[in-house]
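Residues per chain, in single letters:
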Amino acid sequence: MNTTHVNRRTPLYLLAGFIVLKMVLHYCIINPVYELHRDEYLHLDMANHLTAGYLSVPPFTAFTSLLIKWLGNSVFWIKFFPALYGALTLALIWRVVALLEGGWYAQVLAATVFIFSAFLRLNMLYQPNSLDVLCWTWIFYLLIRYRQTEKHSYLLWLGVAIGLGFLNKYNILFLVVGLVPALLLSPQRKIFLNKYLYISAGIALLIALPNIIWQIQNGMPVLHHMTELSQTQLVHVHRMDFIKTQFIFFFTGAFLFVAGLLGLVFYRAFSPYRFVALTYLFVMLLFTYLRAKDYYALGLYPVLLAFGAVYWEQLFRAKWLKYMRAVWILLVIVPFLYILNIAFPVLKPAAIEQKAAKFQAAGLLRWEDGKNHALPQDFADMLGWQEMAALSRKAYAQVPDSDKPYTLIMCGNYGQAGALNYYNRGRIPLACTFNADYVFWFPHMDTIRCIVLLDDEPDERAHQVSKQIIEVGKVQNPFAREYGTGVFLLKGVSPELSVKFWEWRQAAVKKFRSY
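This is a predicted model, so every value here is computed, not measured.

**A closer look at the packing of helix H4 (residues 75-99) against helix H7 (residues 129-149)**
Now for step 1: Following both chains from N to C, one finds H4 and H7 inclined at 20 degrees, their axes separated by 9 Å at the closest point. As summarised for this structure, H4 and H7 are arranged roughly parallel, according to the angle between their axes. Where H4 crosses over H7, the two elements pack in a sense that is left-handed. Each of Pro 82, Tyr 85, Leu 88, Thr 89, Leu 92, Arg 95, Val 96 and Leu 99 in H4 lies in contact with H7, whose residues at this interface are Ser 130, Leu 131, Val 133, Leu 134, Thr 137, Trp 138, Tyr 141, Ile 144, Arg 145 and Gln 148.
Now for step 2: Considered class by class, the residues forming the contact of H4 with H7 number twelve nonpolar, four polar and two charged.

Structure, rendered in structure tokens:
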């Protein structure tokens, strides 16, 4: 009796240990020389502009940012939430393994591969991607539970998961598109005869409705965003690179998700769940055709790790093969530790430059423009922001006190505006730009006398509308993506410029409308 109690509780202790490991790692894999990522600044600024929709992401991120703001807006809390979503995904993997009647070894193996993989990097940044993966995993979990119990409550929760996922990242629609034919082609097609599935769809629609209404009212800017993304970034994605990266994500742990796919095909105990493999096939075909970014598909893998771990445990259940179980775990951990310095911002930029060949061989120096650079793009996007914010404060200090209420802080992109608003809030006016969501937040100023301008160089128009341009300084960090960005103070601004700015703002908003 005591033995049974210990065996049942041990996995819970193991799970707690893995969750603690997962959370702690995220505070150890970023060298202090790096700052927040440009996307993180935008997402944090959304807390100051709450609405039912945004140009770049759905609204859930904004409300998480509001919570972070209430907690003090510190780096600890900014990193806490993506790590938490990763930990919850780990808990769901652990639970799915148990539902598939896997033992403690299968749970440990699945947890190990999940932690020591690309998910560690995904959960490193405050972006919608971490919750996106959690929602995908939650959806698969609910479908597995429904298949095992046929309880209608799981279908109702399915609507909640899809609706929440939609409010976090539209990427979840690709999962839904893949699930429909996968279920229709499997014995689970009878789910479409269950009225609770359609109630679930209604729940998802109800949750998503505020954002859908916002999109319609604002001319479906998401379509413009997708078109722009396709033309400027996805056009550089090579389809074979997309496929290869799926294996690179897991490095030596890739055997586990492959085992999951093979188990779903050949292992009889998994036959009721073959819709999972079909979903993987349909979603991957869709992503490959659309030249999607490689990480868009990451939500497919947590459930495959669970199936793979259970199948692997069965393959190595014989007495002499059991002794090899530890080898597979070491095979995941040891090589991952070897690449830790290139996969994460552990090294300082100068050290990365010295090891450029190693980074280039792993394809990490290639940016969205299709070219190789000195640092991985994510790392370069985490440098230079505090320097830029300090220069903008220096420029604002040179504005006469009488002109400070009539000073505009004008940036060239959302990263600049977000960083200035994060580091300078309360010390200078809020920064703005015609880029991304900031076009909707652009202030309507009746009078503008001075402008603090962030740009490579003031253009001809800047010279035409101001009497004096003072170069305050430029970002000096050569490793920053914003290297060379200048901060300029424009004085004696034309009185007509305030009207012009609002006209430009209206034109920019119109450009984002699809109709």
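**Points about the sheet that holds strand S1 (residues 407-410)**
Within a sheet, neighbouring strands are paired by backbone hydrogen bonds and run either parallel or antiparallel to one another.
Now for step 1: On the basis of which strands lie adjacent, the open sheet formed by five strands has the order S2-S1-S3-S5-S4 and mixed pairing. Both outer strands of the open sheet, strand S2 (431-432) and strand S4 (468-474), are each paired with one neighbouring strand and no more.

**Observations concerning empty space enclosed by the protein**
Now for step 1: For the structure on display, the rule yields two cavities of 30 Å³ or more.
Now for step 2: Size it by volume and the largest cavity reaches roughly 80 Å³.
Now for step 3: Contributing to the lining of the largest cavity are Phe 60, Thr 61, Thr 64, Phe 81, Pro 82, Tyr 85, Tyr 126, Gln 127, Pro 128, Leu 131 and Asn 168.
Now for step 4: When contributions to the lining of the largest cavity are tallied by element, the ones reaching two or more residues are helix H3 (60-70) and H4.
Now for step 5: Residue composition of the lining of the largest cavity, grouped by class: seven nonpolar, four polar and no charged.
Now for step 6: Looking at the second largest cavity, its volume works out to about 40 Å³.
Now for step 7: Every residue lining the second largest cavity is listed: Leu 122, Asn 129, Asp 132, Val 133, Lys 169, Asn 171, Tyr 295, Tyr 296 and Leu 298.
Now for step 8: Top element by residues in the lining of the second largest cavity is H7. It accounts for three residues.
Now for step 9: Considering only residue class, the lining of the second largest cavity consists of five nonpolar, two polar and two charged.

**Focus: helix H14 (residues 274-290)**
Now for step 1: For H14, which comprises 17 residues, the first-to-last C-alpha distance of 25 Å matches the rise-based estimate of 24 Å (1.5 Å per residue) to within 8%.
Now for step 2: Along H14, the residues classified as buried are Phe 275, Val 276, Ala 277, Thr 279, Tyr 280, Val 283, Met 284, Phe 287 and Thr 288.
Now for step 3: Against the buried residues of H14 lie H7, helix H9 (172-184), helix H12 (239-248), helix H13 (254-266) and helix H15 (301-315).

**Re the packing of aromatic side chains**
Now for step 1: Using the criterion set out here, one finds 43 aromatic pairs in the structure.
Now for step 2: The structure contains a cluster of three or more aromatic residues connected by ring pairs, namely Phe 114, Phe 119, Phe 247, Phe 250, Phe 257, Tyr 280 and Tyr 301.
Now for step 3: Above the ring of Trp 504, the side-chain terminus of Arg 461 is found at 4.2 Å from the ring centroid.

**Some points on the packing of H12 against H14**
What describes two packed helices is the angle between their axes and the distance between those same axes.
Now for step 1: Relative orientation of the contacting elements H12 and H14 amounts to 140 degrees, with a least axis distance of 8 Å. Here H14 runs oblique to H12, going by the angle between their axes. When you trace H12 past H14, the crossing you get is right-handed. Between H12 and H14, the residues in contact are Arg 239, Phe 242, Ile 243 and Gln 246 and Met 284, Phe 287, Thr 288 and Tyr 289, respectively.
Now for step 2: Residues belonging to the contact of H12 with H14 are distributed by class as follows: five nonpolar, two polar and one charged.

Calculation criteria
Residues numbered from 1 in each chain as written. Predicted model: local features only at pLDDT ≥ 70, side-chain atom pairs only at ≥ 80, totals over all residues. Heavy atoms only, no water. Axes fitted to C-alpha atoms, helices over the stretch in contact; angles between N-to-C directions. Helix = DSSP H or I, 4+ residues; strand = E, 2+ residues; numbered from the N terminus. Parallel < 35°, antiparallel > 145°, perpendicular 65-115°, else oblique. Left-handed = near helix turned anticlockwise from the far one by under 90°. Contact = heavy atoms within 4.5 Å. Nonpolar A, V, L, I, M, F, W, Y, C, P; charged D, E, K, R; others polar. Pairing = 2+ DSSP bridges. 1 Å grid on protein atoms, 1.4 Å probe; cavity = no way out; pocket = protein on both sides within 12 Å on 5 of 7 lines; lining within 4 Å. Points joined across faces, edges and corners; volume = space filled by probe spheres on them. Expected span 1.5 Å × (residues − 1). Buried < 20%, exposed > 50% of the residue type's maximum accessible area, 1.4 Å probe, protein only. Phe/Tyr/Trp six-rings, centres within 6.5 Å; stacked < 30°, edge-to-face > 60°. Lys NZ or Arg CZ within 6 Å of the ring centre and 35° of its normal.

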